[in-house]
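If you want the building blocks of each chain, they are given just below.
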Amino acid sequence: MATRPETRREKMRLMLLLSPSIFWLTVFFLMPLILVFAISFGQRGTYGGVEWVLSLRSYARFIDSLYLRIFARTMGIALATTIICLIIGYPLAYFIATRPPQWRNALVLLLMIPFWTNFLVRTYAWLFILRDQGLVNMVWTGPVHHAVVRAAEVLPLSLLGSLADATEAPLGLFGTNGAIIIGLVYGWLPDMVLPCYASIERLDFSLVEAAQDLYANRLRSFLRVIVPLTLPGIVAGSVLVFIPSLGAYVTPDLLGGAKSVMIGNVIYSQFMSARDYPFGSAVSFVLMAVMLVGTLIYFRTGRE
Amino acid sequence: MKRFVQQPLILCLILATLAALAAACGAGQQSELADELHVYNWSEYVGPEVYEMFEEEFGVRVVEDTFANNEELLAKLQAGAAGYDVIVPSDYMVDIMIQQGLLAELDHDSLPNIENLDPTFTDPPYDPGMVYCVPYLWGTTGIGYNDDAFDEEPDSWTYLFDAAVASQYGGRFTMLNDVREAMGAALKYLGYSLNSTDEQELAEARDLLIEQKQWVHSYNAENYEDLLSADEIVMAHSWSGDVFMVAEEDERIWYAIPQEGGVIWADNLCIPDSSNKKHTAEVFINFMMRPDVAAANSNYTWYASPNQAATEFISEEILEEPAIYPPDDVMDRLEWLEDVGEAAPTYERMWTEVKAAGS
Amino acid sequence: MAGYKGRRRRRRGRWLNRLLTAHGVLGYLFLYAPIVILVIFSFNASRYASSAWRGFTLRWYGVLFRNKAIGAALRNTLIVAGASTLISTVFGTMVALAMERYEFWGKLGVDGVLYLPIIIPDIAMAVMLLLFFVLTRVSLGLVTIIISHVAFNISFVAVVVRARLAYFDVTLEEAAQDLYANQWQTFRRVTFPLILPGILGGALLAFTLSIDDFVITFFTAGPGSTTLPLRIYSMIKLGITPEVNALSSVMLLASMVLVIVSLALQGGGGAETDIV
């Protein structure tokens, strides 16, 4: 129960508790934030660095169709990732929540291990699998190819023939948007499952049973009762997946073969290659603004 | 008599002691080496035992961090990553860094081994008189390839850019993930200079790269040579030494300098102005110019050494390979990368457009 | 009538249950298969980390353990994680207590500022911090990394501890205050032990986030301050020998240990809710 501090001692204690964090966040978070905002209105010096001349050039450049296109693509990929994570993750969370308690603990434990394994390692796993010399293609051009060829000898169907041709060369999985999405889904799936699980686990299952008595259809009871009740978990999970996916840098870099550019890569190259700080700041700021607005909207509707 | 002699004698003694102390202090500061030296280098760019050798001889531990391309090096330095003592920028980057005042002047007195260098390299256009840097290794950019996949040597940019030819190798070749190199290759194929600042020419290069993108496996500047050997690709836009390193073990892999001409580049050892271990750094640089050390680096990286005295220690294979030490007529067709000044943002923008295209 | 409908519902129910179970099993397979594959191929006697099996070997683990650069990176990682976890746990717990116990002017603002680092994507935060250090002319190194990690970890710790505090039964404190004269004693003997699982949960989360961080660290790192994720990244980009697989397996093992430790600390059961 939160109360206003009354005595002087209480006020001082409140100050003591708040100060270190407020100080740290002000100096090392708010100030940098303001700095980025300020720099986005500057201009790039000839060799990088910032010239403090007021200009909207960076934002104007962002409105350029090239960057809007990249942003749209990034949004698309992040959205796809979130939806897929939801489709895979929510039922998974439901599965865990409906197991007997001893099983549940073990299952959550099993979930934590990938969650706490280094993100780079988990992304690398898919690089290893999807590469042209990776597992998928080894199987595709190996056993699968042999099987199809053998089958084609027995049954000379044109379908089998073209399949045999197709399985001779590796599937170009690496460097595609699909590869990036797989990598992102794999990396952020636990972030979807855990909040959903937390929500579902708190469900009063007698409500669920009551719902099932009301609705003949289990699907309908699910949609009308369970989903709304677990909405906070769904919202939290979606936010936890969408945001990092939107700002993804490592995954498109490793799995996209440096061919696909997401907004995170653009920001990275502005700071590490082009050294155009004002432009990089502008893009960064737009990204943050979009996310902030999106999160606020999502939370508002979630509460309703 | 005694006192008459004693006083000046004592005075002399005191003065002599003070002088000796001062000399010792001064000399001590001079020859006192730091415990640790931070080197910021390209990856796999130094002979395997070289750092250990230096540590044993001088008692200085070398800590190496790596960067992926010149722009990243510059970005980190500009961002205030102080504490690097030796850096290894390429030619045009040295030019940029000098203009930005990021480099410290070298004291040639601490670098006696500098006379081991080949006179051709002692007065580079980007750093006349080697005031700031000393050349380290030099090489070319061209096409690494897998012999088995080709009837004749792919010694032309046509193999990478011509629609009819490149499409045959769709998804099986890489381009360097380096803005100047990639744009440079495109410019060379179109017959322009690698250092063009003409917006029209740059736009053409960009369009060519965009068209090429559908056949490119990936943009890779780190391990394309391994991809070649692992049969993931059959052609790679490469730096010479990387390909030769792999060719040592895999005889199907070789390297060709395109007939239209390519890039000749030299990487240099420099000391950032922000370093506070300049003397130790100079000792290190001097060590690197020792004939046996320079040869060790060359033998490991398969790049050419600008160190003349090292020739007697460098393996025959390297010395006689025309792709590493090109004959004069080939050298004439090679171009050095230079700073493009104001056009640099244009290059970057074009490159971003290439990266963003198509998907 | 009811019996007939009931049987049909039960049959459909059973079918749905089977589907759910299948989904669960497949889900876990999906989560684990890639990492298991990585581990298997870390024993591959092939020079390249390709999928052609060439025999079993422990060679790559040998290479890994002899790799001095990795040792240095591990040391840096632990230093950074240790320092940033300590600082952020203390600060985060303090601010969580303040937020849950008191009302004050500007509380909503503080709330917002506390949530921002969680919402902001890595790359934006990395860029912000880099610019800040550049313009204040602070040299990049281990200290800047630690500062950056604390900047985002405070929020995460605060969230976890606040969640725990919200479930706290205040009557316990009130009862204690009847017994003990002192506020501090109440805190030490009643409040603190009860919220300790939450604090430890927050600390563990902060530790994990710090160890795992790549983007922010990459931007704020300086000479000689390469951490393990940075080293892994350049290994992945550079050499595709199975050494990377070996490193991945070791890190997987480390995660397992972390999970078990967290379980022991939190006494089972409450683990998931606290982390989330």
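Residues numbered from 1 in each chain as written. Chains lettered and ligands numbered in written order. Predicted model: local features only at pLDDT ≥ 70, side-chain atom pairs only at ≥ 80, totals over all residues. Heavy atoms only, no water.

Asks: Help me understand the environment of A:Ala211 in this model?
Replies: Residue and element names in this part refer to chain A. Positionally, Ala211 belongs in helix H9 (residues 205-214). Given a relative accessible area of 4%, Ala211 falls into the buried group. The spacing of Ala211 and Phe222 is eleven residues in sequence and 8.2 Å in space, taken between C-alpha atoms. (Helix = DSSP H or I, 4+ residues; strand = E, 2+ residues; numbered from the N terminus. Buried < 20%, exposed > 50% of the residue type's maximum accessible area, 1.4 Å probe, protein only.)

Asks: Any chance you could explain the interface of chain B and chain C here in plain terms?
Replies: One frequent convention defines the size of an interface as the accessible area lost when the parts assemble. Contacts between chain B and chain C engage 22 residues on the former and 22 residues on the latter. When the buried surface of chain B facing chain C is broken down by residue, B:Lys76, B:Ala79 and B:Glu222 rank first, second and third, together holding 27% of it. Two residues, B:Glu52 and C:Lys68, come together in a salt bridge whose shortest N-O distance is 3.9 Å. Taken together, chain B and chain C are joined by five residue pairs in polar contact (both at pLDDT 80 or more). Broken down by secondary-structure element, the contributors of at least two residues to the side of chain B that touches chain C are strand E2 (61-66), helix H3 (70-78) and helix H9 (224-229) of chain B. Looking at the side of chain B that touches chain C, its residues break down into seven nonpolar, seven polar and eight charged. (Contact = heavy atoms within 4.5 Å. Buried area = accessible area lost by both parts, 1.4 Å probe. Salt bridge = Lys/Arg side-chain N within 4 Å of Asp/Glu carboxyl O. Polar contact = N/O pair within 3.5 Å; in protein donor to acceptor, adjacent residues only side chain to side chain. Nonpolar A, V, L, I, M, F, W, Y, C, P; charged D, E, K, R; others polar.)

Asks: I keep staring at the interface of chain A and chain C and nothing clicks. Help me out?
Replies: Taken together, the 96 residues of chain A in the interface contact 92 residues of chain C. Taken together, the two surfaces of chain A and chain C that pack against each other cover about 9,000 Å², and 77% of this comes from carbon and sulfur. One can count one salt bridge joining chain A with chain C. The salt bridge involving C:Lys237 is made with A:Asp253; its shortest N-O contact spans 3.2 Å.

Asks: Please clarify how the nonpolar core should be interpreted in this entry.
Replies: Nonpolar side chains in soluble globular proteins tend to end up buried together. Core analysis: the biggest nonpolar cluster contains 256 residues, and A:Ile96, B:Ile87, B:Met97, B:Phe284, C:Phe214 and C:Phe219 have the highest contact counts within it. When residues no more than four places from it in sequence are discounted, the contact partners of A:Ile96 are A:Arg104, A:Leu107, A:Val108, A:Leu111, A:Val193, A:Tyr197 and C:Tyr28. Ranked by size, the runner-up nonpolar core spans 35 residues in total, among them B:Phe150, B:Ala205, B:Val234 and B:Met235. (Core = buried A, V, L, I, M, F, W, Y, C linked by side-chain atoms within 4.5 Å.)

Asks: Help me out: how do you make sense of the pattern of salt bridges in this one?
Replies: Once the charged atoms of two side chains with opposite charge are near each other, the side chains can pair. Considering all chains together, one arrives at 18 salt bridges over all chains under this definition. Residue B:Lys277 is joined to B:Asp85 by a salt bridge in which the shortest nitrogen-to-oxygen separation is 3.8 Å. One end of the pair, B:Lys277, is in the loop between strand E9 (263-270) and helix H11 (278-288); the other, B:Asp85, is in the loop between H3 and strand E3 (86-87), and 192 residues separate them in sequence. Across the pair C:Glu103 and C:Lys107 runs a salt bridge whose closest N-O atoms are separated by 3.6 Å. Residue C:Lys107 is classed as buried on the basis of its relative accessible area, which comes to 15%.

Asks: What is the right way to look at the confidence of the model for chain C in this model?
Replies: A low pLDDT means the predicted coordinates there should not be read in detail. Residue and element names in this part refer to chain C. Per-residue confidence for chain C gives a mean pLDDT of 83; residues scoring 70 or more make up 88%. Predicted confidence is poor over residues 268-276, with pLDDT under 50, and the contacts of this stretch with residues over four places away or in other chains come to 24 contacts. Among the prediction metrics, the complex's ipTM stands at 0.83, with pTM recorded as 0.84. (pLDDT = per-residue confidence, 0-100.)

Asks: What am I meant to see in the environment of A:Thr123 here?
Replies: Residue and element names in this part refer to chain A. For Thr123, the position within the fold is in helix H5 (residues 119-130). In sequence terms Thr123 and Thr82 are 41 residues apart; their C-alpha atoms lie 17 Å from each other. Excluding residues within four positions of it along the chain, Thr123 makes contact with Thr251, Leu254 and Leu255.

Asks: It is not clear to me how the packing of aromatic side chains should be interpreted in this structure. Could you clarify?
Replies: Both the distance between ring centres and the angle between the ring planes are used here to describe each pair of aromatic rings. Enumeration over the complete set of coordinates arrives at 48 aromatic pairs over all chains. Geometrically, the ring pair formed by A:Tyr124 and A:Phe128 is tilted, given 6.3 Å between the ring centres and 55 degrees between the ring planes. Taken together, the residues A:Tyr124 and A:Phe128, both in helix H5 and four residues apart, mark about one turn of the helix. Linked through ring pairs, A:Tyr249, A:Tyr268, C:Phe214, C:Phe218, C:Phe219 and C:Tyr233 together constitute an aromatic cluster. Above the ring of A:Phe279, the side-chain terminus of A:Arg61 is found at 3.9 Å from the ring centroid. The side chain of C:Arg59 reaches across the aromatic face of C:Trp60, ending 4.3 Å from its centre. (Phe/Tyr/Trp six-rings, centres within 6.5 Å; stacked < 30°, edge-to-face > 60°. Lys NZ or Arg CZ within 6 Å of the ring centre and 35° of its normal.)

Asks: Sorry, what's going on with unusual backbone geometry here?
Replies: A negative phi angle characterises most non-glycine residues, just as the trans form characterises most peptide bonds. Despite not being glycine, B:Trp302 has its phi angle at roughly 60 degrees, a positive value. Here B:Trp302 falls in the buried class, since its relative accessible area comes to 7%. Unusually for a residue other than glycine, C:Arg137 sits at a positive phi of about 55 degrees. With respect to the secondary-structure elements, C:Arg137 resides in the loop between helix H5 (122-135) and helix H6 (142-166).

Asks: Could you clarify how one ought to interpret the packing of helix H13 (residues 263-272) of chain A against H3(B) in this entry?
Replies: Where H13(A) contacts H3(B), the axes come no closer than 8 Å and their chain directions differ by 70 degrees. Considering their axes alone, H13(A) and H3(B) lie roughly perpendicular with respect to each other. Residues A:Tyr268, A:Phe271 and A:Met272 of H13(A) lie in contact with H3(B), whose contacting residues are B:Glu71, B:Glu72, B:Ala75 and B:Lys76. Within the contact of H13(A) with H3(B), the residues separate by chemical class into four nonpolar, no polar and three charged. (Axes fitted to C-alpha atoms, helices over the stretch in contact; angles between N-to-C directions. Parallel < 35°, antiparallel > 145°, perpendicular 65-115°, else oblique.)

Asks: Looking at this model, I keep getting lost on the state of the cysteines. Mind explaining?
Replies: What we call a disulfide is simply a covalent bond connecting the sulfur atoms of a pair of cysteines. Counted by the stated rule, this structure contains one disulfide over all chains. Across the disulfide from B:Cys133 sits B:Cys270; the S-S distance is 2.2 Å. The sign of the 110 degrees torsion about the S-S bond sets the B:Cys133-B:Cys270 disulfide as right-handed. On the criterion of sequence distance, the pair formed by B:Cys133 in strand E4 (residues 133-146) and B:Cys270 in strand E9 is long-range, its members being 137 residues apart. Take B:Cys133 and B:Cys270: they sit in the same class, and that class is buried. Counting only cysteine sulfurs, A:Cys196 is the nearest neighbor of A:Cys85, a cysteine outside any disulfide, at a range of 9.8 Å. Residue classification places A:Cys196 among the buried residues on the basis of a relative accessible area of 1%. (Disulfide = S-S within 2.5 Å.)

Asks: Got a minute to help me understand a negative patch on the surface in this structure?
Replies: Residues B:Glu248, B:Glu316, B:Glu317 and B:Glu320 make up a contiguous surface patch of negative charge. Within the secondary structure layout, B:Glu317 lies in helix H13 (residues 316-320). (Patch = residues over 30% accessible without salt bridge, like charges linked within 9 Å, V, L, I, M, F, W, Y side chains within 5 Å. Areas by Shrake-Rupley, 256 points an atom, 1.4 Å probe, with all protein chains shown as cover. Lys, Arg positive; Asp, Glu negative; His and termini not counted. Charge placed at Lys NZ, Arg CZ, Asp CG, Glu CD.)

Asks: So what exactly am I meant to see when it comes to the side chain of B:Ser275 here?
Replies: Relative to the elements of secondary structure, B:Ser275 occurs in the loop between E9 and H11. Excluding anything up to four places from it in sequence, B:Ser275 contacts B:Tyr84 and B:Asp85.

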